[in-house]
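Here's the letter readout for the chains.
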Amino acid sequence: MAETKNYDNVRIYGDAESEVWWAPKGTTLPTVMTTDPIAPFWAFGWLGEDGIPLSVSTEVDKFKGMGGVTLRTKVQSTEKSFKVQALEETPGVTGLYFDHGAPVVTGTGAAKVARIDLPEAIGTVEGVAVVKFVDGGVEKWLCCELVQVSERGELPHSASDMTGYEFTLDILGASYFLTNAPAFTEV
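Everything quoted here is computed from the prediction, not taken from an experiment. (Residues numbered from 1 in each chain as written. Predicted model: local features only at pLDDT ≥ 70, side-chain atom pairs only at ≥ 80, totals over all residues. Heavy atoms only, no water.)

The next subject is the overall build of the chain. Within the chain one finds two helices and 10 strands. When its helices and strands are written in sequence order, the chain yields β-β-β-β-α-β-β-β-β-β-β-α. Here the chain has a C-alpha radius of gyration of 21 Å; the compact-globule value for 187 residues is 16 Å, and the former is much larger. Every one of the 187 residues in the chain was classed for burial, and the buried ones make up 29%. Considering only contacts in the chain between residues 6 or more positions apart, those separated by 24 or more positions represent 64%. (Helix = DSSP H or I, 4+ residues; strand = E, 2+ residues; numbered from the N terminus. Rg over C-alpha atoms; globule rule 2.2 N^0.38 Å. Buried < 20%, exposed > 50% of the residue type's maximum accessible area, 1.4 Å probe, protein only. Contact = heavy atoms within 4.5 Å.)

Moving on, we get to helix H1 (residues 91–98). Inspection of H1 places Val93, Thr94, Gly95, Leu96 and Tyr97 among the buried residues, and these make up the whole buried set. Close packing links the buried residues of H1 with strand E1 (19–23), strand E2 (42–43), strand E4 (70–86), strand E7 (125–135), strand E8 (138–152) and strand E9 (165–171). Phi turns positive one or two residues past the end of H1, at Asp99, with a value near 65 degrees.

Tallied over the full model, the rule gives seven aromatic pairs. Plain terms: the ring middles of Tyr97 and Tyr165 are 5.2 Å apart, the flat faces sit at 85 degrees to each other, and that makes the pair edge-to-face. Of the two residues, Tyr97 is situated in helix H1 and Tyr165 in strand E9; the sequence distance between them amounts to 68 residues. In this structure, Tyr97 and Tyr165 share a single accessibility class: buried. Judged by centre distance (6.0 Å) and plane angle (75 degrees), the ring pair of Tyr97 and Phe167 falls under edge-to-face. Pair noted here: Tyr97 is in helix H1 and Phe167 is in strand E9, with a separation of 70 residues, a long-range link. Here Tyr97 falls in the buried class, since its relative accessible area comes to 9%. In this structure an aromatic cluster arises from ring pairing among Trp42, Phe44, Tyr97, Phe98, Tyr165 and Phe167. A cation over an aromatic ring shows up here: Lys140 above the ring of Phe133, its NZ or CZ 5.4 Å from the ring centre. Positioned over the ring face of Phe177 is Lys140, at 4.8 Å from the centre of the ring. (Phe/Tyr/Trp six-rings, centres within 6.5 Å; stacked < 30°, edge-to-face > 60°. Lys NZ or Arg CZ within 6 Å of the ring centre and 35° of its normal.)

Here we take up the pattern of salt bridges. Pairing between side chains becomes possible if they bear opposite charge and their charged atoms approach one another. For the structure shown, the criterion picks out four salt bridges. Linking Arg11 and Asp135 is a salt bridge whose minimum nitrogen-to-oxygen distance equals 3.2 Å. Placement of the pair is Arg11 in the segment before E1 and Asp135 in strand E7, with a sequence separation of 124 residues. Its relative accessible area of 27% is what places Arg11 among the partly exposed residues. The buried category is assigned to Asp135, whose relative accessible area is 18%. (Salt bridge = Lys/Arg side-chain N within 4 Å of Asp/Glu carboxyl O.)

Omega for the peptide link from Ala39 to Pro40 comes to 15 degrees, which places this bond in the cis form. Looking at the element boundaries, Pro40 is found in the loop between E1 and E2.

Our next topic: the nonpolar core. Within the largest apolar cluster, 24 residues are counted, with the highest numbers of intra-cluster contacts made by Trp22, Phe44, Ile52, Phe82, Val84 and Phe167. Those elements that place two or more of their residues in this core are E1, E4, H1, E7, E8 and E9. With nine residues, the next largest nonpolar core counts Trp21, Phe41, Trp141 and Cys143 among its residues. (Core = buried A, V, L, I, M, F, W, Y, C linked by side-chain atoms within 4.5 Å.)

Before going further, it helps to spend a moment on the environment of Ala43. Following the sequence through the fold, Ala43 ends up in strand E2. Along the chain, Ala43 and Gly92 lie 49 residues apart, while their C-alpha atoms are 8.8 Å from each other. Excluding residues that lie within four positions of it along the chain, Ala43 makes contacts with Glu19, Val20 and Trp21.

Bear in mind that shape data such as this cannot, by itself, settle questions of function.
Quick look at the structure:
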């Protein structure tokens, strides 16, 4: 008789090895999980303690018969996105947040300064993303062939809060999961 409940299938993703990688649009996504993605992918680094929430929403029309009874439903649209709070302030992270170009470095030694010019209007920031969710020895990778940065959270600058760059990344192209979870690999 098949088990109806299996504690080994309950996941708490959020280990420190969880990560988000970004690469330019058109970069080939991984098809195996033997090593972390390499260049041109770059990692966001430390992420906020809220994890990486994944959101799937649908707009559904409900068709009713006499008496208001729902007879059928039809999904009209689907939206997928995930949120990231990047805690490391790097050119890659700030570039996604502000849509700026590469820093220009002037001076030498202790007088070295980087200038980052911010655009007046933020354009469409898009690329490829891989999200690694880790729970002990179990990993699940969300591979997205096209994501766009949409919403950006407030950027704290205070002595009582870490500066964290919060993004919503909308998944627009094809996407898939890779996982080593036994519930999926031993079917």
